[in-house]
Each structure stands twice: as structure tokens, then as C-alpha cells.
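Structural characterization, general
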Amino acid sequence: METSGFSPEQLTVRDAILKICSNFSDDYWMEHDQTETYPHELHAALAKDGWIGIALPEELGGAGLGISEATMMLQSIAESGAGLAGAQSIHANVYATQPVAKFATPDQRGRFLTKIISGEWRTCFGVTEPNTGLETLKLTTTALPDPDGDGYTVTGQKIWISSAQVATKMVLLARTTPIEEVKKPSEGLSMFYVDFDLSQPGLEAKRIKKMGGRAVDANQVFFDNYKIPKDSLIGQEGQGFKIILHGMNAERCLLAGEALGLGYAALAKATKYARERIVFGRPIGQNQAIQHPLAEAYMHLEAAKLATYHAARLYDRSSPNHPEYDSTITQHAVGIACNSAKYLAAEAGFRACERSVMSMGGMGYAAEYHVERYLRESFVPRIAPVSREMIMNFVGERALGLPRSY
Ligand SMILES: Cc1cc2nc3c(=O)[nH]c(=O)nc-3n(C[C@H](O)[C@H](O)[C@H](O)COP(=O)(O)OP(=O)(O)OC[C@H]3O[C@@H](n4cnc5c(N)ncnc54)[C@H](O)[C@@H]3O)c2cc1C
């Protein structure tokens, strides 16, 4: 990747993260993918050096940096060869904790975030449901106040919850007021930061077999009258959708960075191979049919990189606490930029991975050359946390003023 134009902080983050990740070889990631084993060691190494709290407040032990630096961190993890699996073992601790940091009380912040930053706890993110999918506002998991007023009882199902097997906490979006009783479907949802304790009654997680990123578990989660204390609620009851959006825009930036990192990692492997592999008496990379698609993939990554770091900058500078706060940056502008960046980076990452596999011929298909693993992983940012189609629906409506199509 061309690193001109990044801030000194971003470049410091990049150097430090690449250094830590250099202790995790390509074979480590291949083996963890094949054996579906969680990369605990990466999380521990990053926590030890204080990186999990990169974008969390300094008074809690975080680094107090922004999503611009956190995006660089996740890109560098993916780019090191850890790919999406490595990034996914870290990223919820960075983005899902953003709304907690912003909307929790000072007491909740201290109790909930300090152990995430130290690495003692891990968080997962519970939004997607099997029966409502991308129609988030229709989600049916309920958190009903207990009659004694001490807490809530959660009932419902979530799906595709990453890291649920290792998490201690979950950011949970659940309905606290029935949809029929609110003016808008975005009301009546609440965000909770719950203890995620699989040994407790009423909570179960079942692992889903998946195509890529197999080192990190994805799960179906079942809540059956699961009790949570009252102070798991973050912010005001009924305002959870607005609150969680804050984490979702951050997530789009991080995923965009991860897709870029994966794409650059694939290109590094493919260009090395194309320089070294001799067929018909010359390196295959001397053929334009090999060279041009790789060059084109690189340019797409570089363009998506600009969109990604532009979005992250808008996200950071729209926050009143940021030293370069700009009150003219609207949340509408942040939403368009973060969604667009996630779309463009996901497509560029996929293109780079696909071109890399194809450039390497048969060896592109062999596990020991790693790019087939990157290609499998490159589908994730195209699907999650929001699909390509829904981003186009959003941009068509919100940026272009076209009639809502769904
Ligand atoms: C590896 C992985 C990890 C994940 N981790 C998490 C996690 O930790 N936490 C979490 O909450 N979720 C997680 N997800 C879930 C992810 O966010 C969802 O899969 C994603 O939002 C898509 O939802 P869905 O699968 O229900 O698709 P659906 O809503 O069923 O949609 C299926 C397809 O139909 C298209 N479609 C639907 N409606 C329209 C429309 N109106 N116009 C055009 N196209 C439409 C969609 O674009 C999509 O292509 C993860 C998913 C994956 C694959």
C-alpha cells in the first residue's frame, strides 16, 4: 500500500501492529483456519500492548485515538496475513464498545470497559436475527422489565454472532416496547451491554459451519428467559437503535479497512509469485494478461483506501470530543461516507483476492499459498455487516433522493 498522506499517528499504529503481527506466521493462520481454532494469542498480544482500547477513553486505560487510527489497526492486522479471521477476533471490542463509551454512565463505563481494554473480557455484537435479517427494525428478541423492577428478561434468537464462544459481554439490541405501540419502528428498541455467560440458564450458543474465517466462531444464540440486571441498559430505554448506529458506522470503517488489508495481502502474494514463476522462459508477471489485472486491482484498492480513510475522518471529526471537531459534518454525511467506503473497499478487496488466485494458476488454489483462504474470507465484508444491495438502497435513497425501493 502507498502510505503517503497518512498522519504520524496512523503510521505509528501501522508499524507497531505489523511488528506484533509478524510473530504470527502465514502457517499459524492456515492451521487455525483448518482446525477452526480461536487465535487467542493475537488478542492477548494486542491487549498486552494496550491496542484493544485504541479508540476508548484514556481515563479508562484506552489510547484515546479515533476510528481513523483503529481502521489502520484493523487493516494492518488483516494485511499482515491474519486476514479477516485475525481482524474478526479483535474488531467487536473496538466498534461495539463505541456506543458504550459514548452513552453509558461514568460508572457503567468504568465497570464495563476497563476489562475489555485490559483483554480480560471480550465482547460480541448481537443484532442479526434468523427471521428478520437485514430488516433490523423488525427484530423480535424482547427484553421485558421484570415485575420487581430489578432487571429484564431476554427471550429470542440471534444469528451469526461472531466470537460468542469466547465472549464475556454482548452488545445486545432488543425490543422493549412492542412495535405496535411505538410511533416509528426505530423506537422501542433498547441497547444493553449484557453479561454473556453460557453457563447460566436461558443462554445457549451453537456454532455455525462456514466458508471462511474459520478460526473465529460464528453462532446461533438462543435466549430463553435470560435474566439481565437493570443497569445493563445503555442510554435511554427505547433509544437503542440511534445509540447502536454509532457503533455501526464505526464498524463499517473497520470492515472497510479489513477488506483493504486482505486485498493488499493477496496482491503481495500474487505479485511475488508472478515475479518468480517462470513459464515459457519468462516470469508470468511479464505477461500483460497477468500484470494488468493485478495493476487494476491495486488501483481499485488505492481508490477505496481514500474513501475509507475519508469516512473514518468524518466519523471522528463529527464527534464534539475530537480536537478537530467540525460541527458542519452531519450524521447523514457520516452515514453515506461509511456505507460507501464499506461497499467500495469490500469490492476492491474481493477483486484483488480473486485476481490473485487466478494469477497464480493451480497454486492459487492450494492452501499452502494462502490466497484461496483470503478469497474465501473476502466474501465477508461484501455480506456483513450490511449487504451490497442494502448499501445501494441506502445511497439511492439518501444521497440521490430516489424513492425508497424496499
Ligand atoms: C461471517 C459473518 C459474521 C457475522 N457476524 C455478525 C455479528 O457478530 N453480529 C451480528 O449481529 N451479525 C453478524 N453477521 C450477520 C450479518 O450482518 C448479516 O448476515 C447481514 O447483515 C445480512 O443479513 P442476512 O444474512 O439476514 O440477509 P437477508 O436479510 O436474509 O438478505 C439476503 C439477501 O437478500 C438481499 N436483500 C434483502 N432485502 C433486500 C432489498 N430490499 N433490496 C435488495 N436486496 C435485498 C440482501 O442484500 C442479501 O443479499 C455476520 C455474518 C457473517 C456472514
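If you're wondering where the values come from, they're calculated on a predicted model, not measured in any experiment.

Calculation criteria
Residues numbered from 1 in each chain as written. Predicted model: local features only at pLDDT ≥ 70, side-chain atom pairs only at ≥ 80, totals over all residues. Helix = DSSP H or I, 4+ residues; strand = E, 2+ residues; numbered from the N terminus. Rg over C-alpha atoms; globule rule 2.2 N^0.38 Å. Buried ≥ 20, exposed ≤ 12 C-beta atoms within 10 Å, placed from the backbone. Contact = placed C-beta atoms within 7 Å. Near = placed C-beta within 6 Å. Nonpolar A, V, L, I, M, F, W, Y, C, P; charged D, E, K, R; others polar. Domains from an automatic or database assignment. Axes fitted to C-alpha atoms, helices over the stretch in contact; angles between N-to-C directions. Parallel < 35°, antiparallel > 145°, perpendicular 65-115°, else oblique. Left-handed = near helix turned anticlockwise from the far one by under 90°.

**Focus on the overall build of the protein chain**
Counting its regular elements, the protein chain contains 14 helices and 10 strands. Scaling as 2.2 N^0.38, a compact globule of 406 residues should have a C-alpha radius of gyration of about 22 Å, and the protein chain matches this with 21 Å. In terms of overall dimensions, the protein chain has a C-alpha envelope of 80 × 45 × 40 Å along the principal axes. By the burial criterion, 49% of the 406 residues in the protein chain qualify as buried. Restricting the contact set of the protein chain to residue pairs at least 6 apart, pairs at least 24 apart contribute 74%.

**Thoughts on the site of the ligand**
In the vicinity of the ligand, 23 residues are found, and the nearest of them are G133, W160, S387, E389 and Y406. Secondary-structure elements contributing two or more residues to the shell around the ligand are β1 (123-126), β3 (151-162), α13 (380-383) and α14 (388-398). In terms of residue class, the shell around the ligand is made up of 14 nonpolar, 7 polar and 2 charged. Built from parts of two domains, the shell around the ligand gets at least three residues from each of domain 2 (123-238) and domain 3 (241-398).

**With respect to unusual backbone geometry**
Geometrically, the link from A384 to P385 is a cis peptide bond, its omega value of -5° lying close to zero. Along the polypeptide, P385 turns up in the loop between α13 and α14. One non-glycine residue, W160, lies in positive phi territory at about 65°. Residue placement: W160 occurs in strand β3. With phi around 55°, N225 is a residue other than glycine that occupies positive phi space.

**A short note on the domain arrangement of the protein chain**
Domain annotation for the protein chain reports domain 1 (8-118), domain 2 (123-238) and domain 3 (241-398). Distance between the C-alpha centres of domain 1 and domain 2: 23 Å. Between domain 1 and domain 2, the residue contacts involve 21 residues of the former and 18 residues of the latter. Listing elements by their share of the side of domain 1 that touches domain 2, those giving two or more residues are α2 (26-35), α4 (67-88), α5 (91-95), α6 (98-103) and α7 (106-118). Looking at the side of domain 1 that touches domain 2 residue by residue, the class counts come to 12 nonpolar, 7 polar and 2 charged.

**Points about the packing of helix α8 (residues 240-276) against helix α10 (residues 331-359)**
The geometry of α8 relative to α10 is characterised by a closest axis approach of 8 Å and an angle of 20° between their N-to-C directions. The angle between the axes of α8 and α10 places the two elements in the roughly parallel class. The handedness of the crossing between α8 and α10 is left-handed. For the contact of α8 with α10, the residue count by class is 18 nonpolar, 7 polar and 4 charged.

**Details of the environment of S7**
Inspection of the secondary structure assignment puts S7 in the segment before α1 (8-21). According to the C-beta neighbour criterion, S7 is partly exposed, with 14 such atoms within 10 Å. Between the alpha carbons of S7 and E69 there is a distance of 9.0 Å; along the sequence they are 62 residues apart.

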